[in-house]
Amino acid sequence: MGLDFPNRLGLSAGMDKNADYLDPLSYLGFAFIELGTLTPRAQSGNPKPRLFRLTKEESLLNNMGFNNKGIDHAVLNLKKSRSRAIVGLSIGKNFDTPLEKALEDYIYCFEKAYPVSDYIAVNISSPNTKDLRQLESEKHFSKLITSIKKRQEDLLGQFGYKPIILKLSPDLTHKDLENICKEILDKDIDGIICANTTISHNYSKKGGLSGRQLFEISNKSLISFRSYLGSSFPIIASGGVVSPKDYKKKIELGANLVQLYTGMIYKGPTLVIDILNSE
């Protein structure tokens, strides 16, 4: 994607939603750190309680709902940061923005993120914002991606080329996955993140499941995306990595880069060093 990653390990979006802790996080050894997901306006997210530990299963169930301080806050922090890590900004829409106007929110955030980040992750797969995953459908996907690519072309001359990476769901039907892959290749999208949290669980609480219980589900999704997109397309794998063995499995299945989040909750920062030492 035109970026120089010193290693293959990154921090997933969700842990530092507002770029408040970018500098200390960058000292843990991550090659890249993804911030957000950010929306145009600050919002408090879904009602609490909305985050649950499944300790025995080394998993989390979250229904956060894009709680964040707004993209302007994150941009200001990025301008002050001394981090040398590759930085991605994950962008989304406000909870009260109707689906028909979602594109406006994404373009607004994209234009704010572009000058200060190394790549932009377009999050259209969170299960915790009502109807957001409909943006992965054939009805909405093509228009959204075409418009974002157009803004990338417009900003290229002033700020250089910044890759667009799509964060996708592990719960896609085969038809939707195939349609998305065709559009990704047709529109020259730079990469994907595979995958977001899953709603394929039997817990009574609403929300997306991450951690150990997501590992096999996200792996199946990774295999499918790699098959459809070809051997050279950049894929960042996320979902259930809680050990060096899990990390290596993602690489074996075709991931170019790997992200952590829930593994950090259960294993702490030493997981980063353990993975990097296993290379």
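The sections below set out a description of the structure shown in this document.

Rules behind the numbers
- Residues numbered from 1 in each chain as written.
- Predicted model: local features only at pLDDT ≥ 70, side-chain atom pairs only at ≥ 80, totals over all residues.
- Heavy atoms only, no water.
- Pairing = 2+ DSSP bridges.
- Helix = DSSP H or I, 4+ residues; strand = E, 2+ residues; numbered from the N terminus.
- Axes fitted to C-alpha atoms, helices over the stretch in contact; angles between N-to-C directions.
- Buried < 20%, exposed > 50% of the residue type's maximum accessible area, 1.4 Å probe, protein only.
- Arc of directions from axis to C-beta.
- Contact = heavy atoms within 4.5 Å.
- Polar contact = N/O pair within 3.5 Å; in protein donor to acceptor, adjacent residues only side chain to side chain.
- Parallel < 35°, antiparallel > 145°, perpendicular 65-115°, else oblique.
- Left-handed = near helix turned anticlockwise from the far one by under 90°.

### Here we look at the sheet that holds strand 9 (residues 208-211)
Right, on to step 1. The three strands are arranged 3-4-9 in an open sheet whose pairing can be described as antiparallel. The open sheet has two free edges, formed respectively by strand 3 (51-54) and strand 9, since each of these has just one partner strand. Averaged over all pairs of adjacent strands, the angle between strand axes in this sheet comes to 20 degrees, irrespective of strand direction.
Right, on to step 2. Pairing analysis gives four bridges linking strand 3 to strand 4 (residues 59-62), with the strands arranged antiparallel. Looking at strand 4, one finds that Arg-53 is bridged to Leu-60.

### What about helix 9 (residues 270-277)?
Right, on to step 1. Taken together, the buried positions of helix 9 are Leu-271, Val-272 and Ile-275. Across the axial projection of helix 9, the buried residues extend over an arc of 105 degrees, all falling on one side.
Right, on to step 2. Structurally, helix 9 contributes buried residues whose contacts are with strand 1 (9-11), helix 7 (244-252), strand 11 (257-260) and helix 8 (262-267).

### Some remarks on the environment of Ser-200
Right, on to step 1. Mapping Ser-200 onto the fold places it in the loop between strand 8 (191-194) and strand 9.
Right, on to step 2. Here Ser-200 falls in the partly exposed class, since its relative accessible area comes to 46%.
Right, on to step 3. As a C-alpha pair, Ser-200 and Leu-214 span 14 residues in sequence and 9.1 Å in three-dimensional space.
Right, on to step 4. Discounting residues that sit within four places of it in the chain, Ser-200 has contacts with Asp-171 and Ile-217.
Right, on to step 5. Engagement of the side chain of Ser-200 in a polar contact is seen with the side chain of Asp-171, the distance being 3.2 Å.

### Things to note about the packing of helix 4 (residues 138-159) against helix 5 (residues 174-186)
Right, on to step 1. For the pair helix 4 and helix 5, interaxial distance at closest approach is 11 Å and the crossing angle is 15 degrees. Judged by the angle between their axes, helix 4 and helix 5 are roughly parallel. Along this stretch, helix 4 crosses helix 5, giving a crossing that reads as right-handed. Residues Glu-138, Phe-141 and Ser-142 of helix 4 lie in contact with helix 5, whose contacting residues are Asn-179, Ile-180, Glu-183 and Ile-184.

Function cannot be read off these values alone, since they describe shape.
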